[in-house]
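# Report on the structure
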Amino acid sequence: MAYVATRGGERAIEQAERLFRAEMGEITDARVAEIKAAMPYLIDRVMGEASLYDEDLAALALAQTGGELFEAVLVLRAWRTTQPRLQVADPIAQEALFTHRRISAAFKDIPGGQVLGPTLDYSHRILATDVLSGLPFKPAEVEPAAQPAPAYQPSVAAWQAENDLVDLPAVDDTAPEDIPDVTREPLLFPAKRAHTLQSLARAETGGALALGYAAMRGYGQAHPTVNELRLAEADIMVRHPNGTVFSAGRVKVSQAEVVSKKGEKLELGFAATLGWNEVKCISAATLDLNSAGAEKGSATEEEFFIYHTEGVESSGFCIHFKLPHYVTFQSSLDAMRDAKAKAVSQKEPAE
Amino acid sequence: MSLATLTKDWAPMSYGFLDASAKREIRRKMLKAVAVPGCQMPYASREVPMARGWGTGGLQVSLTLMNPFKRVKVIDQGADDSVNAASIRRFLARVSGAPTTLDTLEADLIQSRHRIPEEKLREDQVLVLQVPNPEPLRPVQPNMSIARQMHADADYGRMWLQLYEQIVRSGRVMQGASYPSLVNGRHVMTPSPIPRWDVPKLHMAKHLTILSAGREKRIHAVPPFTRVEPLVFDDVPYKVEAHGDLTCNRSGAKGFFMNEIPQDDGSSTYEISDSEFGVKTIKQAEGAPVEFGETWYTDGEMSS
Amino acid sequence: MTITIDAPKLVKAAPLLRAQNVSKTYGAVQAVRDVSAEVFPGEVLGIVGESGSGKSTFLRMLNLEETPDSGSYTLDLPEVEGNLFDLDRFARRMLCATRIGIVYQNPHLGLLMKHSSSGNVAERLLVAGERRFAVLREKASDALEASEFPLDRLDAPPAELSGGMQQRVQLAKAIALEPALLLLDEPTTGLDVSVQALVLDTLKRLQQDRKITMVIVSHDLGVIRTLADRVMVMRRGEVVEAGLADQIFQDPQHAYTQQLVHAKL
């Protein structure tokens, strides 16, 4: 009987996909809306790693992939590839960020105050199991303060610079359209500052944490203090062709600035991302702090952590090992068998 | 004049999935790669609807080269029906409307993971090889920037040293697939994880070969009629896998690269890796009209 | 018929190495100040001084590892001409790889510790373009033998060898291509005294057999005395005295040299 090659493979992959999707069942706009309402921090994490801000698309990605985070980020990034570039928004100054949460570990109090904002930092991590028995968990009402916290605050680093404790980076006045874009140009090392910051913004949270944690534990040279952590909203300022500058809306952003002592001054590490993701920002900023002066070829240099915190690449490569590798395997076996045969023939006693 | 008349309808993707900027980037880097044979050109690799590490580099090259008339063949480990090859072939057809084929002779574009077909490719055909790791110096230098400088300096001493030590230790070069090769007498490249059997097919070939690593973001190329010389000592000749005497259990094809299939009793049988060549051999034996191209290997030996 | 015979000319050998007015500053520190040296073919120049004298920095510049702020350096070889400090990267690397050999005080700088000893030597030959395995094996073995390295440890990695053996591997690596110039930076410092003597013996023998031109840097007068034909005394980046080894040791002129010589003896 003739060998029918193709259909077997195609049919198998078709059914395998159906099997996966069967578990999630029908995906409706209602489900997407529910995810959007219920999982804002997950959505933020996914938007940050995808470097694409769209809460509906992020919720859809999560619905479609059943919450498989790497798949969700990949599907968003693939989407991002296809979208046209309309414009590059103007840069946002620290003082213009509409700030929900702003804390500094460097001082007890700071100009603008320590604003705790929304956080679980001081909560007791106890599962509300009653919910599973049918008793809904209703969070206690927030009691507003007498005066609202200021929505805009000066940066801590500005005060430190005035007091000659830190040298702030020179103001970069590159026009928005001229800012190097890591998704449009090859990444080469030593990396352009813009490429580094963008890579950290898109970094996979677990990867950034693993490497950042290693640096914090002493594998890096610098010990970080959180100079400033912010969860805020940024206006996307765009220009109309007739010259008017206006806000196209606000996106959530988070950022962390860490410092360590270097001689008589502080040195800075910085990272920011779309959406609110504190663990990633602090870890990534720590990596940034440690990269200056890291030895070439070492695990704390930029080239190392930028490559290895790229989630789409790392997870893709990880799972690619599931692909058939039998040809390369056969090639290795051939070399091994031949070498073994040689060794045996050399061991034969001479006459 | 209205927005509707001035603009195209919104569509979720461009022709061939990649947008114009992506295609331009890849075209330019391919041209650069062809201009400096064997030299890795960094490119801004885009995310595509497939996981990284699964052929996104090859896919981006194919998507850039595709048009509605280009017939495309996709293989993985030599087989068209391998699950990943089937998935890629489906995607290419879906986003370009192009026809597909299993027959090497009919293809204009062949995207392949880790094999070169047994039938010789012609000057009107392009071979796109998927590359996991484009850096042949990786075993002696894991840092990409340092390795890049080494290529610029033609600093390949450590590479040769590795081969020397393999011979000292094991009596032969132990490199299996991905045999490092000197291209156009200047740059050492990895030919991608094709077996040693396939590397001689690249030397002075009539066809163009593009090698693309999506995750590592590098493209390199072997233009037609370019020297590709595996790194070997003058007095220790290059050895391909010992498949010249093997026969395919299913088709009877003899003297081509085989897949080893372990059997229950501890022995092995062999199946030709270029599965469509095997299919054609079976069809011919059944009396169907089948056309074979000239093969690089005859009677299990590379013909010069 | 008149036959004209030219008066005999005094044939003078040209120096192989000529460095002139070499200076190098690192930040506020002038490491090397206006140093000049000449070395004739087959001759050994010893540079002696304490740490901080600039002798190692000067040697590194002779190895084209660093460029000076000013000065020139020429080697009388057919492959090159002009100031070697002006060579482009490619030419510089080729010259260093094929015509200059160097032995460092710290074997980690000169050797690939985890590769085999023969491999370390073979790498030099490979970089120079040797592609025959049998020849690599033979030449590596010959160079190691000339360096009095035990051939039964031919393929042992330097990481597994004693300090003295590691220096012999460095030496073999340095002489494998029969370089025009051999540079040695404190080659025996840090070794046991008895091992030092053995390595120095090897160097002496090699130099006599092959007439290799050498520049050897050491703070140890005994080392310099054993090997050098000429001596240059450096202090704080400057040459304070230079001349024939015998002269310097028997009749030092400069106060610093006198101190050095008398402290040793």
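Computed from a predicted structure; not experimentally measured. (Residues numbered from 1 in each chain as written. Chains lettered and ligands numbered in written order. Predicted model: local features only at pLDDT ≥ 70, side-chain atom pairs only at ≥ 80, totals over all residues.)

The next thing to look at is the overall build of chain C. Scanning chain C from N- to C-terminus turns up ten helices and nine strands. Scaling as 2.2 N^0.38, a compact globule of 265 residues should have a C-alpha radius of gyration of about 18 Å, and chain C matches this with 19 Å. Principal axes of the C-alpha set define a box for chain C whose edges measure 65 × 55 × 40 Å. A burial count over chain C gives 43% of its 265 residues as buried. (Helix = DSSP H or I, 4+ residues; strand = E, 2+ residues; numbered from the N terminus. Rg over C-alpha atoms; globule rule 2.2 N^0.38 Å. Buried ≥ 20, exposed ≤ 12 C-beta atoms within 10 Å, placed from the backbone.)

This part takes up the overall build of chain B. Counting secondary structure elements, chain B contains seven helices and 13 strands. The globule rule puts the C-alpha radius of gyration for 304 residues at 19 Å, and the 20 Å found for chain B is close to it. Projected onto its principal axes, the C-alpha coordinates of chain B cover approximately 75 × 55 × 35 Å. Sorting the 304 residues of chain B into buried and exposed places 52% on the buried side. Sequence-distant contacts, at least 24 apart, represent 62% of the contacts inside chain B between residues at least 6 apart. (Contact = placed C-beta atoms within 7 Å.)

Before going further, it helps to examine the interface of chain A and chain B. Listed as interface residues are 44 residues of chain A and, on the opposing side, 57 residues of chain B. Of all elements in the fold, only α1 (6–24), α5 (69–82), α11 (311–320) and α12 (326–347) of chain A reach the threshold of two or more residues within the side of chain A that touches chain B. Per-element accounting of the side of chain A that touches chain B gives the leading share, twelve residues, to α12 of chain A. Of the residues that constitute the side of chain A that touches chain B, the class distribution is 21 nonpolar, 13 polar and ten charged. (Nonpolar A, V, L, I, M, F, W, Y, C, P; charged D, E, K, R; others polar.)

This part takes up the interface of chain C and chain B. Listed by partner, the interface residues are 15 residues for chain C and twelve residues for chain B. Residue assignment for the side of chain C that touches chain B shows that the elements contributing at least two residues are α2 (89–99), α4 (117–127) and α5 (133–146) of chain C. Considering every element that reaches the side of chain C that touches chain B, the biggest residue donor is α4 of chain C, with five residues. Taken together, the residues of the side of chain C that touches chain B sort by class into seven nonpolar, three polar and five charged.

Residue and element names in this part refer to chain C. The sheet built from six strands is open, its strands ordered β5-β6-β7-β3-β8-β9 with mixed pairing. Because the sheet does not close on itself, it has two edges, and the strands there are β5 (100–103) and β9 (238–244). Pairs of neighbouring strands in the sheet enclose a mean axial angle of 15°, with direction left out of account. The sheet contacts of helix α6 (residues 163–175) involve β5 and β6 (181–185), and relative to β5 the element is tilted by about 175°. (Pairing = 2+ DSSP bridges. Axes fitted to C-alpha atoms, helices over the stretch in contact; angles between N-to-C directions.)

Per-residue confidence for chain C gives a mean pLDDT of 92, with 97% of residues at or over 70. For this predicted complex, the interface score ipTM comes out at 0.87, while the overall pTM is 0.84. (pLDDT = per-residue confidence, 0-100.)

Contacts are most numerous between chains A and B, considering all two pairs of chains that are in contact. In this view chain A stays clear of chain C, with the nearest C-alpha atoms of the two still 16 Å from each other.

What follows concerns the sheet that holds strand β1 (residues 17–26) of chain C. Residues and elements named next belong to chain C. The three strands are arranged β2-β1-β4 in an open sheet whose pairing can be described as antiparallel. Two strands bound the open sheet, and with one partner strand each, they are β2 (29–39) and β4 (70–75). Along the sheet, successive strands turn relative to each other by an average axial angle of 20°, direction set aside. With five bridges connecting them, β1 and β4 associate as antiparallel partners. Within β4, the residue paired with Leu17 across the bridge is Leu75. Helix α1 (residues 55–62) contacts β1, β2 and β4 of the sheet and is inclined by roughly 120° relative to β1.

In this section: the packing of helix α3 (residues 40–50) of chain A against helix α4 (residues 55–65) of chain A. Residues and elements named next belong to chain A. Between α3 and α4, the shortest axis-to-axis distance is 9 Å and the interhelical angle comes to 100°. By the angle class used here, α3 and α4 are roughly perpendicular. Mapping the contact onto sequence places Leu42, Ile43, Val46 and Met47 in α3 and Glu55, Ala58, Ala59, Ala61 and Leu62 in α4. When the residues that make up the contact of α3 with α4 are grouped by side-chain class, the tally is eight nonpolar, no polar and one charged. (Parallel < 35°, antiparallel > 145°, perpendicular 65-115°, else oblique.)

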